[in-house]
Amino acid sequence: MRSPETAVARYAPLGPLLVKELREVAAGRAFWVLLLILSLLVGYSFIEAAALYAEASRPAAQFPEVARHLSPLDGILVPTFGALYLATTFLFPFVAIRLVGGERQTGGHKLLLQLPYSTASLLGAKLAALGAAWLAMLAVPLSALVLWFTLGGHVNGIELSNLLLGHFFYAAIVAGVAFVAAAITESSATAAIATLAVTLGSWVLDFAASGDGGILASLSGLSLTSFLRGFERGIFSASATLVAFVAVGALVAIAAVWLPTGVRASAKLAATGFIAAVAVVICLTAGNLHFYVDASEDQRNSFPPEDRAALASVDKELTIIVRLAPEDPRFFDYERTLLGKLRRTLPKVTVVMEGGSRSGLFASTPDDYGEITYRYDGREAKSRSTSEEEVLPLIYGLAGLKPPAPGGIEGYPGYPLVADAKSAALWFYLLVPLLIVAGWALARGGHRRFTRSRTHP
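This write-up is about the structure you can find in this document.

Analysis parameters
- Residues numbered from 1 in each chain as written.
- Predicted model: local features only at pLDDT ≥ 70, side-chain atom pairs only at ≥ 80, totals over all residues.
- Heavy atoms only, no water.
- Helix = DSSP H or I, 4+ residues; strand = E, 2+ residues; numbered from the N terminus.
- Contact = heavy atoms within 4.5 Å.
- Areas by Shrake-Rupley, 256 points an atom, 1.4 Å probe, with all protein chains shown as cover.
- Phe/Tyr/Trp six-rings, centres within 6.5 Å; stacked < 30°, edge-to-face > 60°.
- Buried < 20%, exposed > 50% of the residue type's maximum accessible area, 1.4 Å probe, protein only.
- Core = buried A, V, L, I, M, F, W, Y, C linked by side-chain atoms within 4.5 Å.
- 1 Å grid on protein atoms, 1.4 Å probe; cavity = no way out; pocket = protein on both sides within 12 Å on 5 of 7 lines; lining within 4 Å.
- Points joined across faces, edges and corners; volume = space filled by probe spheres on them.
- Nonpolar A, V, L, I, M, F, W, Y, C, P; charged D, E, K, R; others polar.
- Pairing = 2+ DSSP bridges.
- Right-handed = clockwise from strand over helix to strand, strands pointing away.
- Axes fitted to C-alpha atoms, helices over the stretch in contact; angles between N-to-C directions.
- Expected span 1.5 Å × (residues − 1).
- Arc of directions from axis to C-beta.

Looking only at helices and strands, the protein chain has 18 helices and 6 strands in total. In the protein chain, the share of contacts with a sequence separation of at least 24, taken over all contacts with a separation of at least 6, comes to 79%. On the protein chain, roughly 23100 Å² of surface is accessible, and the fraction owed to carbon and sulfur atoms is 65%.

Listed below in structure tokens is the structure:
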């Protein structure tokens, strides 16, 4: 028969615990300073993005072909939410660390662990409070989109939803790293340094890998920036989404292992190793998921429907030998316009980089530099072109397929807009900061009244 204490522990209400964590977030200066800086960043990013978009839109009145290259995803959404990315990278960890690190410094976590709640419940409430904080952050760039609508701008809902999903998982992973750092270290400052080391290290790794085709390029898949970039391009990847979900779960589980006191460090290390091993196995398995959705309105990440149907018959391995340096602009163009599409369309694609590096004053260039070799089922073809109009017929020839007839689908119209967004400065530089300061004052006052009612009932 279950004891009354066990029953209380199992059915303890989570509402008071969640309210307590929300109060902790609202009472901290870090959260409000984060919102204040975010407002300034979003305001600057949005105004500059709208100005550049207007400049690019002016020629569209005379040259309709220019309009087809004007996408609000690239011109407005990504730059505006780039401010959210910066705030999440540099400032959001301090809000997350405060929820765990502050209690460790004051010894409050020892009292919390004696309450009729499991460690999972405690961390779950903290994650929910952080989720509410992130939604408050999200309101700032979303207000920029409202202003964009009032100016006559266009936003595609699928593109926006996919971009928000990427930023959500990015923030969740950063929060998980912050939780682990705060649970392991004894100081909030040390936890902040450790968290920034991970986020900035990921940033540096992605930057360094952009000009390297060796080990760094292989490790670039671990970069959080690289993960978010796929969503910014309008690509939904089932494998990337599952890996992010597993990573967040593993990080929270590791934090739950290290949070309790009185447990030997060797036991915590063993549990951490087990969780990490399981997460790695799941992530490696998830890497085999070959499911992508092109969420961009102009379908920039996909071949035309008739080509996708024809390429479905290419079921054997296609080996592509690229003799281009990773830092060569032609390789960037090839990766974006053709190679990435082939990886997402064909089930078996192997890419071999043989271009070396062209960096250096006296770097030599071989005669076959710039040549790309395609091998399929014992047959081989070579080309120096990086356009799909020339490469796809070559692949069809290797596979013994007849090139499909061009479809009659109307192309992407584009959304040019010449609008002045300078008036948004009043909202982001004055009104939003005033609302944030007022919210800060109300939260601080409510926290003081709550504390007095607890200490002097």
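This paragraph deals with the packing of aromatic side chains. Overall, the coordinates contain 8 aromatic pairs when judged by the stated rule. Aromatic side chains Tyr53 and Trp148 sit 5.6 Å apart centroid to centroid with 85 degrees between the ring planes, which places their arrangement in the edge-to-face category. Note that Tyr53 is positioned in helix α3 (residues 29-57) and Trp148 in helix α8 (residues 119-150), a separation of 95 residues in sequence. Per residue, the accessibility class of Tyr53 equals that of Trp148, and both read buried. Note on Tyr85 and Tyr170: the rings are 5.2 Å apart at their centroids and 45 degrees apart in plane angle, and the pair reads as tilted. Of the two residues, Tyr85 sits in helix α5 (residues 72-90) while Tyr170 sits in helix α9 (residues 157-184), which places them 85 residues apart along the sequence. Residue classification places Tyr85 among the buried residues on the basis of a relative accessible area of 10%. Taken together, the ring pairs in this structure connect Trp134, Phe168 and Phe169 into an aromatic cluster.

By size, the foremost hydrophobic cluster in this structure holds 86 residues, and its most contacted members are Phe46, Leu77, Phe81, Phe92, Leu130, Met137 and Trp148. When residues in this core are grouped by element, the largest group, 17 residues, is from α9. Those residues within four positions of Leu130 in sequence are excluded, and the remaining contacts are Phe92, Val95, Ala96, Leu99, Ala175 and Phe179. Core analysis: the next-biggest nonpolar cluster, separate from the first, contains 27 residues, Tyr334, Tyr374, Leu394 and Ile395 among them.

Attention now goes to empty space enclosed by the protein. Under the defined criterion, the tally for this structure stands at 2 cavities of 30 Å³ or more. Of the volumes computed, that of the second largest cavity is approximately 40 Å³. Around the second largest cavity, the lining residues are Glu24, Val25, Gly28, Ala30, Phe31, Val95, Arg98 and Leu99. Of all the secondary-structure elements, those providing two or more residues to the lining of the second largest cavity are α2 (15-27), α3 and α6 (92-106). Counting residues per element, the lining of the second largest cavity draws most heavily on α6, which supplies 3 residues. A per-class count over the lining of the second largest cavity returns 5 nonpolar, 1 polar and 2 charged.

Take the pairing of strand β3 (residues 318-322) next. Where burial is concerned, most of β3 is hidden: 4 out of the 5 residues are buried. As judged from the 5 bridges shared by β3 and strand β4 (residues 349-353), these two strands associate in the parallel manner. Bridge pairing in β4 places Ile321 opposite Val352. Each parallel crossover has a hand, and for β3 linked through helix α16 (residues 329-345) to β4 it is right-handed.

An order of β4-β3-β5-β6 is seen for the 4 strands of this open sheet, with the pairing classed as mixed. Looking at which strands have only one partner, the edges of the open sheet turn out to be β4 and β6 (379-383). On average, each strand axis in the sheet is tilted by 15 degrees relative to the strand beside it, whichever way the strands run. Strand contacts of helix α17 (residues 388-399): β3, β5 (372-376) and β6, with the helix running at about 165 degrees to β6, the strand carrying the most contacts.

Our next topic: helix α14 (residues 265-286). Between its first and last C-alpha atoms α14 spans 31 Å; for 22 residues at 1.5 Å apiece the expected length is 32 Å, and the two agree. Of the positions making up α14, those classed as buried are Lys268, Thr272, Ile275, Ala279 and Ala286. The arc that holds the buried residues of α14, viewed along the axis, is 70 degrees, so those residues lie on one side. Exposed and oriented more than 90 degrees from the buried face of α14 are Leu269, Ala270, Phe274, Val281 and Leu284. Among the structural elements, α13 (238-258) are those in contact with the buried residues of α14.

Here we take up unusual backbone geometry. Positioned with a positive phi, Gln299 is a non-glycine residue whose angle comes to about 55 degrees. If you trace the backbone, Gln299 turns up in the loop between β2 (292-294) and α15 (305-311). Despite not being glycine, Asp377 shows a phi value in the positive range, around 55 degrees. Relative to the helices and strands, Asp377 resides in the loop between β5 and β6.

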